[in-house]
Amino acid sequence: PRSTQGVSSAASDVYKRQKSKGKILNFKSIFISDVHLGHRKSSANKLLEFYKHSRSENLYLVGDIIDIWALKTKFYWPQEHNDVIQKTLRKARHGTKVKYIVGNHDDVFRKFLPLHFGDIEVVNRAIHVTSDNKKYIVVHGDAWDGVMKYAPWLSKVGAIAYSFLLEFNLVINFFRRLFKKSPGG
């Protein structure tokens, strides 16, 4: 799971400056991916903070919002993960057009498409139309992943290895702190 939530560093800097002033940022569209709710390394708290300080006409949740693979391995669902779901549903009820585009870690939903979860439309892909009428297809990257298409078992092995490395990194950082070395330095 990525901690940046797919936000560019320039946008992130603007967001931080405006948030520190207590302002609500308004956007035409927001794109968020790879939150991995259900995984211990999810960035749900950062997303909740972002939700608190932003509004938009459109909200695209672009794959791996819920990490079914992690939930199958070990069930983990703290209150903040419920809060993300509730806040997302609330945004949809209050007029934000929310589209949930399925990714590889939540691909179990593909069996039921198209699907509506409250006011949230769950789809394989969406078309985003810009203010100057340009059209863009919105999909999760697994749509073009040859491994996902032809050897999905290998992707699952990779996900398990990735989770192991995240946990192992905690051990490494513990020893680095013990010997007063900064992480990554």
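The structure we're discussing is the one just above.
Residues numbered from 1 in each chain as written. Predicted model: local features only at pLDDT ≥ 70, side-chain atom pairs only at ≥ 80, totals over all residues. Heavy atoms only, no water.

1. A few points about the pattern of salt bridges
Under the defined criterion, the tally for this structure stands at three salt bridges. Between Glu57 and Lys28 there is a salt bridge, with the nearest N and O atoms lying 3.9 Å from each other. Here Glu57 is found in strand β2 (residues 54–62), whereas its partner Lys28 is found in strand β1 (residues 25–32), with 29 residues between them in sequence. The class for Lys28 is partly exposed, based on a relative accessible area of 35%. (Salt bridge = Lys/Arg side-chain N within 4 Å of Asp/Glu carboxyl O. Helix = DSSP H or I, 4+ residues; strand = E, 2+ residues; numbered from the N terminus. Buried < 20%, exposed > 50% of the residue type's maximum accessible area, 1.4 Å probe, protein only.)

2. As for the packing of aromatic side chains
For the coordinates displayed, the defined rule picks out three aromatic pairs. Look at Phe31 and Tyr60: their rings are 4.7 Å apart centre to centre, the planes differ by 5°, and that puts the pair in the stacked class. Taken together, the positions of Phe31 in strand β1 and Tyr60 in strand β2 put the pair 29 residues apart, joining distant regions of the chain. For Tyr60, a relative accessible area of 5% translates into the label buried. Residues Phe174 and Phe175 carry aromatic rings whose centres are separated by 5.2 Å and whose planes lie at 75° to one another, so their mutual orientation is edge-to-face. Residue Phe174 is classed as partly exposed on the basis of its relative accessible area, which comes to 45%. Across the ring face of Tyr51, the terminal group of Lys91 is positioned such that the distance to the ring centre comes to 4.9 Å. (Phe/Tyr/Trp six-rings, centres within 6.5 Å; stacked < 30°, edge-to-face > 60°. Lys NZ or Arg CZ within 6 Å of the ring centre and 35° of its normal.)

3. Brief notes about the sheet that holds strand β5 (residues 120–123)
Taken together, the five strands give an open sheet; going across it, the order is β1-β2-β3-β5-β4, and neighbouring strands pair in mixed fashion. Edge positions in the sheet fall to β1 and β4 (115–117), since each of these pairs with one other strand and no more. Strand after strand, the sheet turns through a mean of 20° between neighbouring axes, direction not considered. Sheet topology note: the β2/strand β3 (residues 97–101) ladder contains five bridges and is parallel. (Pairing = 2+ DSSP bridges. Axes fitted to C-alpha atoms, helices over the stretch in contact; angles between N-to-C directions.)

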